[in-house]
Amino acid sequence: MEPRPTCLRCRRPEAFCWCRLIEPVDTRTRLVFLQHLRESRVRIGTARMAHLALPNSEFHVGLSFPFTPGPRTAVLFPGDDALPPSHLAEGDPWTLIVVDGTWSQARKLVERDPILRALPRIGFEPERPGNYRIRREPSASCLATVEAVAQVLGRVEGAPRRFDSMIEAFTHMVDLQIAATQREGSAPRLRFRPGPKPLDPQLLRLREAGERLVLLHAEANAHPREAGIPGRPELVHLVALRPATGACIEAIVAPRRLLAPHTPRHIGVDSDILLGGGEIASALDAFRDFVGADDVIGTWGRYPLDLLEAEGLPRPAGAIDLRLLLARRLGRKPGAVEGAHEPLVAIAPPARGRAGRTVASLEAVARLLSG
């Protein structure tokens, strides 16, 4: 079967395209749409519709959004301390951040992002009930994103009728979707939550670990293969942290073979400190004393445990690969650990060098996955 022709602008099948109803509307208020990654897969979403109608807007998709807000920036989200839309009409133009997703998704994006959490909030009582008849909303007062934006901008910009084309496009989309389902002899599509899926065993182990969670990173003195220096990569720096209590151990191990020239720079520990390190046996004993038999070890990939195993330490049962868990959550490779958790709350490194920074980032990632 040939795929249906699709409009590249609204990303809907051409038979369901609503673009011709959109009339660009200039605003003094700048809009920034932050769409949850899962919401981007919903073809009957409305944030893109609002974005296409508002030239003074930008659109981003993801689970985190590193940015630096200006002094006159607010987020459209309800709260006890939320300000009315009229607040944005005062003085110089404001930037309004609109978080798009289900209520659960939007709430998590705001609560887990310290920048969004600290911004003033804008809230309002809808002028009329929402018309999102093809998705199930938590209550009749909940609006589609395009409806909420149109009502807020109507109050801020002082001309509610200027945004009627956005609502007409939205209503057209809803009507087309309902008509299509009725032609197929079924009820209009409502978005119900499926039954809960079984949790990934590693994710379940992480969420149940509590005080038994230990985050680990280890660094090696490794020569490039072309250097022709015999031997394998050897452990020179180990950091382990118990997030629940803040307890931490750090071990610097003196190299047992020639120190590779790039190693100090690569792992962030000066050569004098490395050359003055302790014995490998002492480092392994300290780690054994720190980790109990029931503890759950969390790492970024397999390399730290491979390195310890090569030094003679048995691989712990039930270890958790946080990189793999985050990749499954994001639906893509997360990249380096130090950027994978941004912009979550920054955590001070518990030890020196890249190992200390990595363990701090692992703690932020573990918090994200445990939420």
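In this report, the structure presented in the accompanying data block is examined. (Residues numbered from 1 in each chain as written. Predicted model: local features only at pLDDT ≥ 70, side-chain atom pairs only at ≥ 80, totals over all residues. Heavy atoms only, no water.)

**A short note on the sheet that holds strand β5 (residues 121-122)**
We count it as follows: Should DSSP find at least two bridges between two strands, the strands are regarded as paired. Helix numbering and strand numbering both begin at the N terminus, where a helix is a DSSP run of H or I of at least 4 residues and a strand a DSSP run of E of at least 2. Here a residue-residue contact requires only that any non-hydrogen atoms of the pair lie within 4.5 Å. Every axis corresponds to a line fitted to the C-alpha atoms, with the helix fit spanning only the stretch in contact, and the corresponding angles, defined between N-to-C directions, vary from 0 to 180 degrees.
Here five strands make up an open sheet; going across it, the order is β2-β1-β4-β3-β5 and the pairing parallel. What marks the edges here is a single partner per strand, and that holds for β2 (57-62) and β5. Where helix α4 (residues 145-157) meets the sheet, its contacts fall on β1 (30-36), β3 (73-76) and β4 (95-100), and the angle it forms with β4 comes to roughly 160 degrees.

**Here's the deal with the nonpolar core**
Nonpolar side chains tend to gather and get buried jointly when the protein is soluble and globular. Filter applied, for reference: In this description, a nonpolar core means a group of buried Ala, Val, Leu, Ile, Met, Phe, Trp, Tyr and Cys residues linked to one another through side-chain atoms lying within 4.5 Å. Three labels apply to residues, based on accessible area from a 1.4 Å probe with only protein chains included: buried if under 20% of the type maximum, exposed if over 50%, partly exposed otherwise in between.
By size, the foremost hydrophobic cluster in this structure holds 42 residues, and its most contacted members are Trp 18, Phe 33, Met 49, Leu 54, Leu 96 and Met 166. Those elements that provide at least two residues to this core are β1, α1 (47-53), β3, β4, α4 and α5 (164-183). Membership of the second largest hydrophobic core comes to 23 residues, among which are Leu 206, Ala 209, Val 296 and Leu 322.

**Concerning α5**
The condition that has to hold: For a helix, the expected span equals 1.5 Å multiplied by the number of residues minus one.
The terminal C-alpha atoms of α5, which comprises 20 residues, lie 28 Å apart, in line with the 28 Å expected from a rise of 1.5 Å per residue. Looking only at α5, the buried set comprises Ser 165, Met 166, Ile 167, Ala 169, Phe 170, His 172, Met 173, Val 174, Gln 177, Ile 178, Ala 180 and Thr 181. Looking at the packing, one finds that the buried side of α5 touches α1 and α4.

**Re the packing of helix α6 (residues 201-209) against helix α13 (residues 353-370)**
Keep this limit in mind: Angles below 35 degrees are treated as roughly parallel, those above 145 as roughly antiparallel, those between 65 and 115 as roughly perpendicular, and all remaining angles as oblique. Here the term charged refers only to Asp, Glu, Lys and Arg, the term nonpolar to Ala, Val, Leu, Ile, Met, Phe, Trp, Tyr, Cys and Pro, and the term polar to all other amino acids, Gly among them.
In the contact formed by α6 and α13, the axes pass within 10 Å of each other and the chain directions differ by 105 degrees. In terms of orientation, α6 lies roughly perpendicular with respect to α13. Every residue of α13 that contacts α6 at Leu 203, Leu 206 and Arg 207 is listed here: Ala 366, Leu 369 and Ser 370. Broken down by class, the residue content of the contact of α6 with α13 amounts to four nonpolar, one polar and one charged.

**Things to note about the packing of aromatic side chains**
For clarity, the threshold we go by: Think of it this way: a Phe, Tyr or Trp ring, Trp meaning its six-membered ring, pairs with another when their centres are within 6.5 Å, and the plane angle makes it stacked under 30 degrees, edge-to-face over 60, tilted otherwise. Over a ring means this: the NZ of a Lys or the CZ of an Arg is within 6 Å of the ring centre and within 35 degrees of the ring normal.
Inspection of the entire model under this criterion finds two aromatic pairs. Geometrically, the ring pair formed by Phe 33 and Phe 59 is tilted, given 6.3 Å between the ring centres and 35 degrees between the ring planes. Within this pair, whereas Phe 33 is found in strand β1, its partner Phe 59 is found in strand β2, the two being separated by 26 residues in sequence. Summarising the burial analysis for this pair, Phe 33 and Phe 59 share the class buried. The residue whose ring lies beneath Arg 48 is Phe 59, and the NZ or CZ to ring-centre distance is 4.6 Å. Here the guanidinium or amino end of Arg 242 rests over the ring plane of Phe 290, the centre of that ring lying 5.2 Å away.

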